[in-house]
Number of protein chains: 2
Amino acid sequence: MNSPIGAGMGSEVGVVGAYSTKYEARSQKEAHEMIREVATSVFKTVDKGMSPEEVDLIIVSNYSDSFGYVLHTAPLVASYIGNLRATGFRVENACAAGTTAVFLAWKLLSSGSFRNALIVGFEKMSAQGSSARANEILMRAASPEEYRVGAPFVSLYALIAQEYMRRYGATEEDLALVAVKNHENATRNPLAQFQKKITVEDVLKSPYISKPLKLLDSSPLSDGAVAVLLSSEPRRYTDTPVYIRGIGIRHDYPGVYQRADMASLEAARLAAQDAYKMSGVSPKDIDVFEVHDAFTISEIVLYEMLGLAARGEGYKLVREGATSFSGAHPVNPSGGLKAKGHPIGATGVGMVAEVYWQLRGEAGARQVSGAELGLVENHGGTGATSVVIVLGR
Amino acid sequence: MNSPIGAGMGSEVGVVGAYSTKYEARSQKEAHEMIREVATSVFKTVDKGMSPEEVDLIIVSNYSDSFGYVLHTAPLVASYIGNLRATGFRVENACAAGTTAVFLAWKLLSSGSFRNALIVGFEKMSAQGSSARANEILMRAASPEEYRVGAPFVSLYALIAQEYMRRYGATEEDLALVAVKNHENATRNPLAQFQKKITVEDVLKSPYISKPLKLLDSSPLSDGAVAVLLSSEPRRYTDTPVYIRGIGIRHDYPGVYQRADMASLEAARLAAQDAYKMSGVSPKDIDVFEVHDAFTISEIVLYEMLGLAARGEGYKLVREGATSFSGAHPVNPSGGLKAKGHPIGATGVGMVAEVYWQLRGEAGARQVSGAELGLVENHGGTGATSVVIVLGR
């Protein structure tokens, strides 16, 4: 709402279309049917129209073929849209696959290598039918040492939470407030997996999975697919594109135990620095945030990494309501991973789609009034890859 | 040996280092240990030395996490080489993952987006322990319709072979000659999985898997890993770089049954056209070929797609010995997928490494004398993605 963005800041690559399935515990469609739905439907969302033949780059984001039983999906997308002349491939960077795809498309478009990119993210996590089996597949994104001891991600995030709470005095109630806020937000989002408010008491009474994290501190297993269209000449396709103003991708050690500060998400801090520097905006300029709340502790630490709060003070933001839908810095108005859902390969693409809708005033009941600048943070594993994107009108 | 390459032809991106494990039926190492070995060892192969800190791009090529049980491998590689500042991700395009990684690195380096790329390809196919289980994982790269009916790749290539043989008069003996040639070649390659000559009679007596393709017409399941280093300033790192002179990546319909000509590999033909056009060379200029002989029929069809033979006459080349080690157009002096092995995510990276060694005169007993121009063809599925790369000194 402040800091109008000048021409020439960041890149001229913009989002010009977005389409998402509802996120669900179990989709009635097979993975390839979900892919087909979003890949073909996204073209209908482009204001001035775009023909599939205008796409010269296809990037598919998917976490594991152990979920959806489908690989080599780029030519599949090409055949579904009827354009075999585009160049296509799939990328994977754990839960950050979707924004890694956006980063690559941005790089390849802004360098003039390609003109228009179709990005398709999907995951069908219900295909395995068992959460124990799903957990083993998820753990393949941790360090080999963490995988070997069988530590599930909730336990790795519990290490982060334990250290954070011990050091800074945050409580289990503070974590619960993140879940309560995001569930409340999701009730306004027809795409969200959960459409049900919860209370702090509900969270605190839910069973511990790995102390201090409980069932209701955790994002669910989800099915879902999202497609977005990016262009290096966005105004050919719409009068109201959403530009990628700044972007950063950074890595950290794969294992939580390998890091100097176990209570931090350093890759996110560095990626945000890069994205802010490139866009020339500061955290307080951002009107709407979509961040990677795979577990509630993650969102609180991210407040600090993204510069919304000083180190050790992130939890105060949620206590004060500053990150609620009507607060000064709305975070996860979509419901976040916690309540909107977390179909891994779709998640980051879905965050970009959500901010695209917010900045165009198309977010319906969950619209953040007058939003002009948005930020996406999407990370993989316990933060060994983080992508931060600043989007602006 | 003819057509010396002028400066400025193609790009200035070059390969400056390469390292490969032996391809084996069963590696003693886990997937992450194979990754670590090649990612760290490749730096020792650079003539003038390269520090891991000089790498700003890491691309991992891997087919399926159902084989190696490891994902999010880019930050793993970053941690192994001690450089968390590089940008990393994994790509997958079925069996063409490795050369898709090379294509992306070339694009990102030649556009000035990055300077030095480390590409790591790996697959540990023995991890599943069962060839029936492995087959289901492989079929995820076919079309959803082919996957649904459970047609293994050998049956899909059998369709190609049946149609090709019916139309052009090639025989099962012709197919066998490809296997015999590539096994003979592999006896000179210490990196090859099979080190054993076979005869036409051996092939013809081996059991049909899907008629006309027999056990000895088929490439094996393999474990292996390869790393290469690419640079946009290759002469900083070696006085004898191997340049990417031309490159093409093309797609076709995922399903064999969807194609107008079932006996063709159209994506390979188009990718070769692109690579020849960019490099300004013609097929007869190429001194050494490494091509995707997942099944023997594939190599014969590729002779035609790559322009070594007219349509319907590819099989005559192998009859005449033109593509043997001492022939006019040596194809797969490494032993090819058939005898060197086919650890999927490593395969395409390994082809580029092999041509790098050939063009530097470092291929030992399998050295093609005086090779100055080489070509790699690597495809995924039954050819829904094909990458062709012309490399030159």
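Data block above holds the structure.
Residues numbered from 1 in each chain as written. Chains lettered and ligands numbered in written order. Predicted model: local features only at pLDDT ≥ 70, side-chain atom pairs only at ≥ 80, totals over all residues. Heavy atoms only, no water.

Enquirer: Sorry if this is basic, but what is going on with the side chain of Arg360(B) here?
Expert: Residue and element names in this part refer to chain B. By the element assignment, Arg360 lies in the loop between α14 (344-359) and β10 (373-380). Look at Arg360 and you get buried, because its relative accessible area is 14%. At 3.3 Å, the side chain of Arg360 forms a polar contact with the side chain of Thr238. (Helix = DSSP H or I, 4+ residues; strand = E, 2+ residues; numbered from the N terminus. Buried < 20%, exposed > 50% of the residue type's maximum accessible area, 1.4 Å probe, protein only. Polar contact = N/O pair within 3.5 Å; in protein donor to acceptor, adjacent residues only side chain to side chain.)

Enquirer: Explanation requested: the pattern of salt bridges in the structure shown.
Expert: Residues and elements named next belong to chain A. Under the definition given, this model contains 56 salt bridges over all chains. Salt-bridge contacts for Lys181 lead to Glu299; the nearest nitrogen and oxygen are separated by 2.8 Å. Remark: Glu299 occurs in helix α11 (residues 296-305) and Lys181 occurs in helix α8 (residues 172-186); sequence separation between them is 118 residues. Its relative accessible area of 8% is what places Lys181 among the buried residues. Taking relative accessible area as the criterion, Glu299 reaches 0% and is therefore assigned buried. Here Glu362 and Arg360 are joined by a salt bridge, their closest N and O atoms 2.9 Å apart. Counted as one network, the salt bridges with shared partners bring together Glu163, Arg166, Arg167, Asp261, Glu304 and Arg311. (Salt bridge = Lys/Arg side-chain N within 4 Å of Asp/Glu carboxyl O.)

Enquirer: Is there a simple way to think about the pairing of strand β7 (residues 223-231) of chain A in this case?
Expert: When a strand is regular, its side chains alternate between the sheet's two faces. Residue and element names in this part refer to chain A. Of all nine residues in β7, nine are buried; the element is thus mostly enclosed. The two faces of β7 match: Asp223, Ala225, Ala227, Leu229 and Ser231 on one face and Gly224, Val226, Val228 and Leu230 on the other face are all buried. Pairing analysis gives six bridges linking strand β1 (residues 14-20) to β7, with the strands arranged antiparallel. Residue pairing for β7: Ala18 is matched across the bridge by Val228. Where strand β4 (residues 116-124) meets β7, nine bridges bridge the pair, whose relative direction is antiparallel. Bridging from a neighbouring strand, Glu123 pairs with Gly224 of β7. (Pairing = 2+ DSSP bridges.)

Enquirer: Could you clarify how one ought to interpret the relation of the copies chain B and chain A in this entry?
Expert: Copy one and copy two of the chain differ by a rotation about a common axis and a shift along it. Mapping chain B onto chain A calls for a rotation angle of 180° and an axial translation of 0.0 Å; the resulting RMSD is 0.0 Å. Such a combination of rotation and displacement between the chain copies is what one expects of a two-fold axis. It is Val91(B) whose C-alpha, among those of chain B, lies nearest the rotation axis, at 2.3 Å. (Least-squares fit on C-alpha atoms with pLDDT ≥ 70 in both.)

Enquirer: Hey, could you run me through the packing of aromatic side chains in this one?
Expert: How two aromatic rings sit relative to each other is set out by the distance from centre to centre and by the angle between their planes. Per the stated rule, a full pass over the model turns up ten aromatic pairs over all chains. Considering the side-chain rings of Tyr157(A) and Phe295(A), the 5.0 Å spacing of their centres and the 40° angle between planes classify their relative orientation as tilted. You can see Tyr157(A) sitting in helix α7 (residues 153-168) and its partner Phe295(A) sitting in the loop between β9 (288-290) and α11, a full 138 residues away along the chain. The class of Tyr157(A) is buried, set by a relative accessible area of 2%. With a centroid separation of 6.4 Å and 85° between ring planes, the pair formed by Tyr164(A) and Tyr315(A) is classed as edge-to-face. You can see Tyr164(A) sitting in helix α7 and its partner Tyr315(A) sitting in helix α12 (residues 314-320), a full 151 residues away along the chain. There is no split in this pair, since Tyr164(A) and Tyr315(A) are both buried. Here the aromatic residues Tyr164(A), Tyr168(A) and Tyr315(A) are joined through ring pairs into a cluster of three or more. A cation over a ring is seen here: Lys107(A) above Phe114(B), with NZ or CZ 5.2 Å from the ring centre. For the cation-ring pair, Arg188(A) lies above Phe325(A), with the distance from its terminal atom to the ring centre recorded as 4.1 Å. (Phe/Tyr/Trp six-rings, centres within 6.5 Å; stacked < 30°, edge-to-face > 60°. Lys NZ or Arg CZ within 6 Å of the ring centre and 35° of its normal.)

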